[in-house]
Amino acid sequence: MINSENHGKDTYSELEDQGDLTGDDNPLYSNMSRFTVRDELSSRSYRLPAMLLGALCAVFLFVVIGLSVHINRVNDKHGILSLNSSIISSQLTQLQADHRSLTESKNALKNKHDEDVRKITTMQINLNRETRLKNDLNSQKQKLEEDKKKLQSQILNLEGNCGKCLPNWVLMNSTCFYFAVSSTTPRKGWDGGRDDCKKKGADLVVIDSKEKQEFIVESLKALRYNLPFNYYNGFWIGLKDDHTEGIWKWLNGTTLKEGYWMDGEPNDDRSIEDCAAVYPTNKPMKAWNDAPCSHPLKWICEKELDKTL
């Protein structure tokens, strides 16, 4: 038994001696042989973290590379945007300058337009004034021409009447007419006017034609008896309906065929208007009115030419 133990010790010693490689004969293996089994076990536990760390490093490297590329692109875009911003800023400045220039031009044009409008308005006012003046002058000219014609007609009438009709009488064809237009002659009723005509060897006028009607009205205007219409500005004529209402008869006994009444006349107001009068209206064919025979008016007389001498 003792021999066996000694033999084992001897054997271990031999192995130990053989395994001791720390001597100078085997310098390269002096430190490895002792920890070989231990290093293999420990390296296995660090291999997976190392691989993960390597993978993470690779991923990080790719990320860094990607970020670098992205940053470069962003920098490029930023440079382009900066350039575009500079261009836009320059264009905006130019547009603002153009806007100010256009605004000034617009204001200048507006001021010019307002001035032109004022000038046009003034010219229009002057034109309207001149137009009114021209119309007034034309009206005056027309009136003067009418007055001239009337005066010429009166002159011709006076020349033709010379020695034929009595003074203050007017000749038409073969008849002389007297117009009681004098302000010294008082107004009278229909009978009073007729009496005055009879004293002159005449009678109230009988108007039996359009020509005679127009001559009567125009003669009144020519004699400056062109007053505004008034109930008292009429002239008695030889026409009445006092015998039968609505049947008008002349002094010579003839019944009225065509009258020259004003609109709405005769109306026999209050059933007392039985005598007719003529008025110097602007419408010679609408110049008659019926009035009470006692109403004070002027009158018109007539007599044939051969009875004046």
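- The protein chain goes by C-type lectin domain-containing protein in an unreviewed UniProt entry, where it is assigned to Tachysurus vachellii.

What to know about the packing of aromatic side chains
1) Next: Applying the stated criterion across every chain yields a total of 7 aromatic pairs.
2) Next: An angle of 55 degrees between the planes, with centres 5.1 Å apart, marks the rings of Trp248 and Trp261 as tilted. Highlighted residues: Trp248 in the loop between β4 (235-240) and β5 (249-250) and Trp261 in the loop between β5 and β6 (273-278), separated in sequence by 13 residues.
3) Next: With 5.4 Å between their ring centres and 90 degrees between their planes, Trp261 and Trp288 make a pair best called edge-to-face. Remark: Trp288 occurs in strand β7 (residues 288-292) and Trp261 occurs in the loop between β5 and β6; sequence separation between them is 27 residues. One exposure class covers both Trp261 and Trp288, and it is buried.
4) Next: Linked through ring pairs, Trp248, Trp250, Tyr260, Trp261 and Trp288 together constitute an aromatic cluster.
5) Next: In this arrangement the basic side chain of Lys200 is found over the ring face of Tyr178, its NZ or CZ atom lying 4.7 Å from the centre.
6) Next: The cationic tip of Lys240 hangs over the ring face of Trp190; the distance from NZ or CZ to the ring centre is 4.2 Å.

Focus: helix α4 (residues 210-222)
1) Next: Taking 1.5 Å per residue as the helical rise, α4 with its 13 residues ought to reach 18 Å, and the 18 Å between its terminal C-alpha atoms agrees with that figure.
2) Next: Inspection of α4 places Lys212, Gln213, Phe215, Ile216, Val217, Ser219, Leu220, Lys221 and Ala222 among the buried residues, and these make up the whole buried set.

Section: the nonpolar core
1) Next: One finds Ile207, Ile216, Ile237, Leu239, Trp250, Val278 and Trp288 to be the most contacted residues of the largest nonpolar core, which totals 24 residues.
2) Next: Mapped onto this core, the elements with two or more residues apiece are β1 (169-172), β2 (175-179), α4, β4 and β6.
3) Next: Top element by residues in this core is α4. It accounts for 4 residues.
4) Next: Contacts of Val278, omitting those with residues within four sequence positions, involve Gln213, Ile216, Val217, Gly234, Phe235, Ile237, Ala287, Trp288 and Ile300.
5) Next: Within the second largest apolar cluster, 19 residues are counted, among which are Cys176, Trp190, Cys197 and Leu297.

Re a nonpolar patch on the surface
1) Next: There is a patch of nonpolar side chains on the surface, built from Val59, Val63, Leu67 and Ile71 and spanning about 340 Å² of accessible area.
2) Next: Relative to the helices and strands, Val63 resides in helix α2 (residues 32-161).

Re the state of the cysteines
1) Next: Counted by the stated rule, this structure contains 3 disulfides.
2) Next: The disulfide bridge from Cys165 ends at Cys176, spanning 1.8 Å between sulfur atoms. Judged by the sign of its S-S torsion, about -80 degrees, the cystine formed by Cys165 and Cys176 is left-handed. Placement of Cys165 in the loop between α2 and β1 and of Cys176 in strand β2 is noted, with a sequence separation of 11 residues between them. When sorted by exposure, Cys165 lands in the same class as Cys176, which is buried.
3) Next: For Cys275, the disulfide goes to Cys293, at an S-S distance of 1.9 Å. Between Cys275 and Cys293 the disulfide shows an S-S torsion of about 95 degrees. By sign, it is right-handed. Taken as a pair, Cys275 in strand β6 and Cys293 in the loop between β7 and β8 (298-304) lie far apart in primary sequence, 18 residues in all.
4) Next: Cys275 gets classed as buried once you look at its relative accessible area, which sits at 0%.
5) Next: When the bonded cysteines of the protein chain are numbered from the N-terminus onward, they pair as 1-2, 3-6, 4-5.

Reading guide: rules and limits
- Residues numbered from 1 in each chain as written.
- Predicted model: local features only at pLDDT ≥ 70, side-chain atom pairs only at ≥ 80, totals over all residues.
- Heavy atoms only, no water.
- Phe/Tyr/Trp six-rings, centres within 6.5 Å; stacked < 30°, edge-to-face > 60°.
- Helix = DSSP H or I, 4+ residues; strand = E, 2+ residues; numbered from the N terminus.
- Buried < 20%, exposed > 50% of the residue type's maximum accessible area, 1.4 Å probe, protein only.
- Lys NZ or Arg CZ within 6 Å of the ring centre and 35° of its normal.
- Expected span 1.5 Å × (residues − 1).
- Core = buried A, V, L, I, M, F, W, Y, C linked by side-chain atoms within 4.5 Å.
- Contact = heavy atoms within 4.5 Å.
- Patch = residues over 30% accessible without salt bridge, like charges linked within 9 Å, V, L, I, M, F, W, Y side chains within 5 Å.
- Areas by Shrake-Rupley, 256 points an atom, 1.4 Å probe, with all protein chains shown as cover.
- Salt bridge = Lys/Arg side-chain N within 4 Å of Asp/Glu carboxyl O.
- Disulfide = S-S within 2.5 Å.

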